[in-house]
Amino acid sequence: MTLDQLRIFVAVAEHGHMTKAAELLGISQSAASAAIRALESQHGVRLFNRVGRNIELAQTGHRFLPEAKAVLERAAAALNVLEHVSQTVTGSLSIAASQTIASYWLPRRLASFHEAYPAVRLSVTIGNTRQVETNVLDGRADFGLVEGRTESDILRRATVDEDRLMLVVARSHPEIPRTAAGLLDIRALRWIIREGGSGTREALEDFARSEDVPPSELQIFLVLPSNEAVRQAVEAGAGATIISELVVARSLAEGSLKSVSVDLPKRDFAMITHRDRQASLAQMALKAHLTGKGDLPTDGKG
């Protein structure tokens, strides 16, 4: 039994799909299948049941999963000790990031981090704020990057940047009516929004409450799973949205969208980490890089 076999087993168990787990680990599907077969053959057990194209944990697999995770956590802790002794920044980092951050803010920063620390392997998964929080809590991500509020009190938050929100409509959208008090009548708008758990949707709901409008009274026309889908629907004239300036900057410059003047607060981009897990040197280096507190040298050595 090897650590690589355990990593593959845990990934397949968590995702319920051999190909998806292999992609996340950066290996071929055949290599992942071979590792699982070898693990089962070595110990004369069945860890998974094959159901059509999908797989699910067998009873033995359910019993083995928490033990496999515990071994991997102990191995990671042992590696941290060696890293701190040698002060060499190596290893791998798993990052979970919300869509706005992962698509528009993070890539350039990861590229520059890789130049400084080429021995660190990075992997990024994308989800909404709630999914990112869950991944960090479950240990599937070393840390997360979110723009929405988090709920768990065992997560640490550190602000890494600020984001400007905008209310945008299509260039051809008619003038938005106003209330008797001279405020935008947001009840009169058709809204294109993200799914529940998204920080971008949370921003719209907060704005509605600030205008004394319950979110339930908004005309929700479309609920879409990505920022790009929302932007394209708004450009097509389907309605209005509140979204990060990072997502719509090019559309505003090209004139396919126009912004509506409204007072929206800035929101934080935040890094979240588990309070009870020891950070590796690689994690500390990336945190310093993203927060601009470069307290580790850029040659990968302590």
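The coordinates are above.
Residues numbered from 1 in each chain as written. Predicted model: local features only at pLDDT ≥ 70, side-chain atom pairs only at ≥ 80, totals over all residues. Heavy atoms only, no water.

**Q** I'd like a rundown of the overall build of the protein chain, residues and numbers included.
**A** A tally of regular secondary structure across the protein chain gives 10 helices and 12 strands. Looking at the 302 residues of the protein chain, the share that counts as buried comes to 43%. Of the contacts made within the protein chain by residues no fewer than 6 positions apart, 73% connect residues no fewer than 24 positions apart. For the protein chain, the computed accessible surface area is about 15800 Å², with 49% contributed by carbon and sulfur atoms. Taking the average place of the 35 positive charges on the side chains of the protein chain and the average place of its 36 negative ones, the gap between the two points comes to 4 Å. (Helix = DSSP H or I, 4+ residues; strand = E, 2+ residues; numbered from the N terminus. Buried < 20%, exposed > 50% of the residue type's maximum accessible area, 1.4 Å probe, protein only. Contact = heavy atoms within 4.5 Å. Areas by Shrake-Rupley, 256 points an atom, 1.4 Å probe, with all protein chains shown as cover. Lys, Arg positive; Asp, Glu negative; His and termini not counted. Charge placed at Lys NZ, Arg CZ, Asp CG, Glu CD.)

**Q** Give me the lowdown on helix α8 (residues 227–235), citing residues and values where you can.
**A** Residues Asn-227, Val-230, Arg-231, Ala-233 and Val-234 constitute the buried set of α8. One face of α8 carries all of its buried residues, which in axial projection span an arc of 165°. Two residues or fewer past α8, Gly-237 is found with a positive phi of approximately 90°. (Arc of directions from axis to C-beta.)

**Q** Give a description of unusual backbone geometry that names residues and reports values.
**A** A positive phi angle, close to 60°, is found at Asp-212, a residue other than glycine. In this structure, Asp-212 sits in the loop between α7 (199–210) and β9 (219–224). Classification of Asp-212 by relative accessible area gives exposed; the value is 67%.

**Q** Kindly report on the packing of aromatic side chains, identifying the contributing residues and their values.
**A** What the rule picks out here adds up to four aromatic pairs. Pairing Trp-105 with Phe-269 gives two aromatic rings, centres 5.9 Å apart and planes at 75°, and the pair type is edge-to-face. Pair noted here: Trp-105 is in helix α5 (residues 99–116) and Phe-269 is in strand β12 (residues 267–274), with a separation of 164 residues, a long-range link. Taken individually, Trp-105 and Phe-269 each receive the classification buried, so the pair is uniform in this respect. For the pair Phe-113 and Tyr-117, a centre-to-centre distance of 4.9 Å together with 35° between the ring planes defines the contact as tilted. Each of the two residues, Phe-113 as well as Tyr-117, counts as buried. Connected via pairs of aromatic rings, a cluster forms that spans Phe-9, Phe-48 and Phe-64. For Arg-190, the ring lying beneath its charged end belongs to Phe-221, and the centroid distance is 4.2 Å. (Phe/Tyr/Trp six-rings, centres within 6.5 Å; stacked < 30°, edge-to-face > 60°. Lys NZ or Arg CZ within 6 Å of the ring centre and 35° of its normal.)

**Q** Explain helix α2 (residues 18–25) to me, using residue names and the numbers behind them.
**A** Burial in α2 covers these residues: Met-18, Ala-21 and Ala-22. For α2, the arc enclosing every buried residue in end-on projection is 100°, short of the 170-degree limit, so these residues lie on one face. The inward-facing, buried residues of α2 abut α1 (3–15), α3 (29–43) and β2 (54–57). The first or second residue beyond α2 is Gly-26, which carries a positive phi of 75°.

**Q** Which residues make up the side chain of Asp-163, and what values go with them?
**A** Within the secondary structure, Asp-163 is located in strand β6 (residues 155–163). Here the side chain of Asp-163 touches Ser-244 through a polar contact of 2.8 Å, side chain to side chain. The residues touching Asp-163, leaving out its near neighbours within four places in the chain, are Ser-244, Glu-245, Leu-246, Lys-266, Arg-267 and Phe-269. (Polar contact = N/O pair within 3.5 Å; in protein donor to acceptor, adjacent residues only side chain to side chain.)

**Q** Outline the sheet that holds β6, listing residues and values.
**A** What links the strands of a sheet is backbone hydrogen bonding, and the strands pair in either a parallel or an antiparallel sense. Read from one edge to the other, the open sheet built from five strands follows the order β4-β3-β5-β12-β6, with strand pairing classed as mixed. Of all the strands in the sheet, the pair left with one neighbour each is β4 (120–127) and β6. Each strand of the sheet is rotated relative to its neighbour by a mean of 20°, with strand direction disregarded. Where β6 and β12 come together, eight bridges link them in antiparallel fashion. Residue pairing for β12: Arg-156 is matched across the bridge by Thr-273. (Pairing = 2+ DSSP bridges. Axes fitted to C-alpha atoms, helices over the stretch in contact; angles between N-to-C directions.)

Structural measurements only, silent on function.
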